[in-house]
Amino acid sequence: MTIPAPKHPETRVLAPGVLGALLVGAGIAVQARINGQLGAELGDGYIASVISFGSGLILMLVILALSTPGRAGFRIINTALRTRDIPWWLVMGGASGALFVLSQGLAAGLLGIAVFTVAVVFGQTLSGLVVDRRGMGSTPPRTITPARIVGSVLMLAAVVLVVSTQFIGSVPLWLVLLPFIAGLAIPWQQAANGEVRMISRSPVTATVVNFIVGTTLLVLAAIVHTAFVGLPTEYPTNPVLYLGGAIGAGFIGLGAILAPRIGVLLLALGTISGQLIVALLLDIVVPADGHPLGWTTVAGTAITLVALGIAATPALPFRASRGAARP
């Protein structure tokens, strides 16, 4: 009688981890639509980014004040930085978040949520492969299995399919490059935030550090921008447009938990699928002006789910045969 092999232990982490990654992607897509609309109504993507990140920082500071582990973790990180037990760049994940939110405010409304999302996706996939292979800090490099390579390539093919009918027109190249570069930075941000979470032992601490760095950089950029163009004269009254920071706090904290557990590549691929699914739903329910939904978006989104399923297949250890099984 042949005794079945035990379930591969990685699957216990991958299944909930992939679902979590889908939620991260859903949050990113919703935040992109909100921040893009806020930037369009303000006529100023810089101020929209400060409002989004700043509101998230205020929310997280309130949570930090109520969280004993969060405050303890913040002291751990502060001490580690002063004693140089950790490098300064490890806490700079918020810089990548600032770039991403700024690209939402400047480009999402003009590109449309679908094109914006796939530009980010392309950068995420490429960067996820590199960051996962190299590792970061206490997180060792991960083996890039054939299944994950196939899943990544298929994910990129889906991205190309989605975007194939939407880059034609008056879309400036720099406007597409901005979210692409932001996408390149996302896996590094997730890995850095994951390291901060493990060192501090608190996702609240990691999220607060992320928002402090990001808000500081965005405020500085907005000050320079405002010196030339001035502040917006009117602000939207729709309260939904001010929820981007709260949504960001949720998916940044979740990403910090997931990155060390499933790796940034699989997190990136799951995030991509979640982004495209929600972007597709948003384009159906509340389409952006001048950006009709195409069949390529639907087909490409379906392919991302197939790609995610392939990439999430755990690498089973090879065991040499030791002879025929005894009855």
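What counts and how
Residues numbered from 1 in each chain as written. Predicted model: local features only at pLDDT ≥ 70, side-chain atom pairs only at ≥ 80, totals over all residues. Heavy atoms only, no water. Patch = residues over 30% accessible without salt bridge, like charges linked within 9 Å, V, L, I, M, F, W, Y side chains within 5 Å. Areas by Shrake-Rupley, 256 points an atom, 1.4 Å probe, with all protein chains shown as cover. Salt bridge = Lys/Arg side-chain N within 4 Å of Asp/Glu carboxyl O. Helix = DSSP H or I, 4+ residues; strand = E, 2+ residues; numbered from the N terminus. Expected span 1.5 Å × (residues − 1). Polar contact = N/O pair within 3.5 Å; in protein donor to acceptor, adjacent residues only side chain to side chain. Phe/Tyr/Trp six-rings, centres within 6.5 Å; stacked < 30°, edge-to-face > 60°. Buried < 20%, exposed > 50% of the residue type's maximum accessible area, 1.4 Å probe, protein only. Contact = heavy atoms within 4.5 Å. pLDDT = per-residue confidence, 0-100. Axes fitted to C-alpha atoms, helices over the stretch in contact; angles between N-to-C directions. Parallel < 35°, antiparallel > 145°, perpendicular 65-115°, else oblique. Left-handed = near helix turned anticlockwise from the far one by under 90°. Nonpolar A, V, L, I, M, F, W, Y, C, P; charged D, E, K, R; others polar.

Draft legend 1. The arrangement of a nonpolar patch on the surface in detail. Judged by side-chain polarity, L126, L177, I181 and L184 come together as a nonpolar surface patch covering roughly 290 Å² of accessible area. Broken down by element, the nonpolar patch gets its largest block of residues, three residues, from helix α7 (residues 173-200). Tracing the chain through its elements places L184 in helix α7.

Draft legend 2. Representation of helix α8 (residues 203-229) within the structure. Given a rise of 1.5 Å per residue, 27 residues ought to cover 39 Å, and the 38 Å separating the end C-alpha atoms of α8 matches this to within 8%. Regarding α8, its N-cap is S202, as a side-chain oxygen of that residue lies 3.2 Å from the backbone nitrogen of V204 further along. Just downstream of α8 lies G230, where phi reads positive at about 85°.

Draft legend 3. Representation of the packing of aromatic side chains within the structure. Summed over all chains, the structure comprises two aromatic pairs. With centroids separated by 4.9 Å and ring planes inclined at 50°, the aromatic side chains of F53 and F211 adopt a geometry described as tilted. You can see F53 sitting in helix α2 (residues 45-66) and its partner F211 sitting in helix α8, a full 158 residues away along the chain. In this structure F211 comes out as buried when scored by relative accessible area, which is 1%.

Draft legend 4. Quick peek at helix α10 (residues 264-285). Under the 1.5 Å per step criterion, the end-to-end length of α10 is 31 Å for 22 residues, consistent within 8% with the ideal 32 Å. Among the 22 residues in α10, 18 count as buried, and that is most of the element.

Draft legend 5. Main features of the environment of R133. Tracing the backbone through its elements, the reader meets R133 in helix α5 (residues 113-134). Counting along the chain gives eleven residues from R133 to I144, while the straight-line C-alpha distance between them is 6.6 Å. If near-sequence neighbours (up to four positions away) are discounted, R133 is found in contact with P141, R142 and I144.

Draft legend 6. Structural view of the side chain of S200. With respect to the helices, strands and loops of the structure, S200 is situated in helix α7. Polar side-chain contacts of S200 include one of 2.7 Å to the backbone oxygen of V196. Reaching out from S200, the side chain makes a polar contact with the backbone oxygen of R197 at a distance of 3.4 Å. Residues contacting S200, with those up to four places away along its chain left out, are G73, I76, I77, T205 and A206.

Draft legend 7. Spotlight on the confidence of the model for the protein chain. Mean pLDDT over the protein chain: 81, with 84% of residues reaching 70 or higher. Contacts for the low-pLDDT stretch residues 1-10, under 50 throughout, to residues beyond four places or in other chains number twelve contacts. Predicted confidence for residues 316-327 stays below pLDDT 50, and this span has six contacts to residues more than four positions away or in other chains.

Draft legend 8. Examining the side chain of T271 more closely. With respect to the helices, strands and loops of the structure, T271 is situated in helix α10. Separated by 2.6 Å, the side chain of T271 and the backbone oxygen of L267 make a polar contact. Discounting residues that sit within four places of it in the chain, T271 has contacts with A21, V24, G25, I28, Q124 and Q190.

Draft legend 9. Quick look at the packing of helix α3 (residues 68-82) against α8. Where α3 contacts α8, the axes come no closer than 8 Å and their chain directions differ by 60°. Between α3 and α8, the interaxial angle falls into the category oblique. Two packed elements cross with a definite hand, and for α3 against α8 that hand is right-handed. Touching P69, G70, G73, F74 and I77 of α3 are V204, T205, V208, V209 and I212, all from α8. By residue class, the composition of the contact of α3 with α8 is seven nonpolar, three polar and no charged.

Draft legend 10. Spotlight on unusual backbone geometry. Even without being glycine, R84 reaches a positive phi, approximately 60°. Along the chain, the position of R84 falls in the loop between α3 and α4 (93-111). By relative accessible area, which is 75% here, R84 ends up exposed. A positive phi is found at R201, a non-glycine position, where the angle reads about 60°. Relative to the assigned elements, R201 resides in the loop between α7 and α8.

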